[in-house]
Amino acid sequence: MTENKNPKFVIAWSVLTLTIMIMFALIFLLYIYPNIEEIQNEKNEVKGIVDNYENIKLKWISYEDFRAQKLSWSKLKDLYLQNILKEVDINFYKNNFENAWKENFDTFMTNKQKEINEKKNNPDFINSLELNKKILPSYTESYNQDDSWIMTDFKFITYVESILHTFNLEPSDKGIWIWDLNLLPKYNITSETKSWLESNIYYIPYTFNITWLKKDVVDFIYFLENVWSVTLLDNQWIKVGNDSFINKSLDWFWWNNILENPIIDIQSIDFPKYFNSLSTVNNDSNFLEFLKKTQWNEKISVMIDVRFYVKWLPEYKVKESVMTLSSSYDSLLQDYTNLMTKNKQSWTIPSEDLVNVEKWLKYLQELGDKIKELKADTWDINIVYSKVIEYNKILSIIENIIKKYK
């Protein structure tokens, strides 16, 4: 026979059990549950990061995320790349940087890089770039021997003289000058829309007032009509046609195709008398060929108004030239400092030369202040570029002096 439990014991046990349950409930609610929720949030956050990472691995970042990186672009030393990144619009980005293939983004970019390298090494692409520089050169008043594709006043005069020399023409006016430089309104890029990569296009008006044999004048007119006549290929590259009429190259220029030269546009032609001295024309032949065959040795005068087209230097090029100048200056100043320190120790500079060397140090210090001014001066890029060329010549002189005593 089982004894009945003490009621007091049962009540005490029940109270204890309830107290323990309440304590566990409180611990769960106050400590465990919040941690579970935090853990779940962390799991969701990690999952989001992993999903985003997997998406980036496959497709790359979105255009919005790409644009959000623009503050870091200003740290790039390559100004051309820096400005290219700023110019990328959403359509270009989606078409070229977002991976629509099944392969991951690394494979996509490897294939893209391979594709770009193939295009860059394509002879047609290389030729197209060279043609762009030839037919529409950048213009600046200053002369820099290293800038082979920049049209200066001196190079323009040389170009016109080479044309006259090639076609054996005698100008009535012996002087060749750039009288005016006019902005082409259709290609005027305003300051509101202009980027550092773009350039305004200008034309230089010029009048050929010439007298010479018809065969040479005919060849000359043909040249003016056909120079830089380009064909746009399917891949958007350009190609200049080959000459089969003049059959000569431009004097003093090393490329053979005479049509691969800066853009010239005929505005008007004035003949004092009718060009064809014969009363009949062979309708089966080209008129210009007919003139060359039948009247080649007759002299004729003609006045032709033309336009030579050039583009202004893009601003990033001028900025780069200032940065390069500044870097060269810093390096040269350090070399100069090292030379003077070495001279104090071993007297490498003869005493009779020391005054002259110290004088150039003063020039170098003054040049530092001028270069600082150039970095802030962007209102006239042609003036800035002219000063860069001038200062580079001074640095070259000082560099030769330093080399003499090293």
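Reading the values: the criteria
- Residues numbered from 1 in each chain as written.
- Predicted model: local features only at pLDDT ≥ 70, side-chain atom pairs only at ≥ 80, totals over all residues.
- Heavy atoms only, no water.
- Buried < 20%, exposed > 50% of the residue type's maximum accessible area, 1.4 Å probe, protein only.
- Helix = DSSP H or I, 4+ residues; strand = E, 2+ residues; numbered from the N terminus.
- Arc of directions from axis to C-beta.
- Core = buried A, V, L, I, M, F, W, Y, C linked by side-chain atoms within 4.5 Å.
- Contact = heavy atoms within 4.5 Å.
- Salt bridge = Lys/Arg side-chain N within 4 Å of Asp/Glu carboxyl O.
- Axes fitted to C-alpha atoms, helices over the stretch in contact; angles between N-to-C directions.
- Left-handed = near helix turned anticlockwise from the far one by under 90°.
- Nonpolar A, V, L, I, M, F, W, Y, C, P; charged D, E, K, R; others polar.

### Remarks on helix 4 (residues 79-87)
Consideration 1: Turning to helix 4, its buried residues number three or more, namely Leu79, Gln82, Asn83 and Leu85. Down the axis, helix 4 shows its buried residues gathered within 155° of arc, on one side only.

### Considerations on the nonpolar core
In globular proteins that are soluble, nonpolar side chains generally tend to be buried together.
Consideration 1: If you look at the biggest cluster of nonpolar residues, it comprises 78 residues, and the most contacted ones within it are Tyr159, Ile163, Phe208, Phe220, Phe223, Ile264 and Phe308.
Consideration 2: No other element matches helix 13 (residues 381-405), which puts 11 residues into this core.
Consideration 3: Setting aside chain neighbours within four positions, we find Phe308 in contact with Phe156, Tyr159, Val160, Ile163, Tyr202, Tyr203, Ile204, Tyr206, Phe208, Ile263 and Ile264.
Consideration 4: With seven residues, the next largest nonpolar core counts Ile61, Trp73, Leu85 and Tyr93 among its residues.

### Quick notes on the pattern of salt bridges
Consideration 1: Summed over the entire model, instances satisfying the criterion amount to four salt bridges.
Consideration 2: In this structure, the salt-bridge partner of Glu130 is Lys133, at a minimum N-O distance of 3.8 Å. Separated by three residues within a single helix, Glu130 and Lys133 lie in helix 7 (residues 123-135), roughly one turn from each other.
Consideration 3: Among the salt bridges present, the one from Glu260 reaches Lys134, with a minimum N-O distance of 2.9 Å. In this pair, Glu260 sits in the loop between strand 7 (238-240) and strand 8 (264-270) while Lys134 sits in helix 7, placing the two residues 126 residues apart along the sequence. The same class applies to Glu260 and to Lys134, which are both buried.

### A closer look at the packing of helix 4 against helix 11 (residues 315-346)
Consideration 1: In the contact formed by helix 4 and helix 11, the axes pass within 9 Å of each other and the chain directions differ by 145°. Considering the relative orientation of helix 4 and helix 11, their crossing is right-handed. Contacts from Leu79, Tyr80 and Asn83 in helix 4 reach Tyr316, Lys319, Glu320 and Met323 in helix 11.
Consideration 2: Along the lines of polarity and charge, the residues of the contact of helix 4 with helix 11 split into four nonpolar, one polar and two charged.

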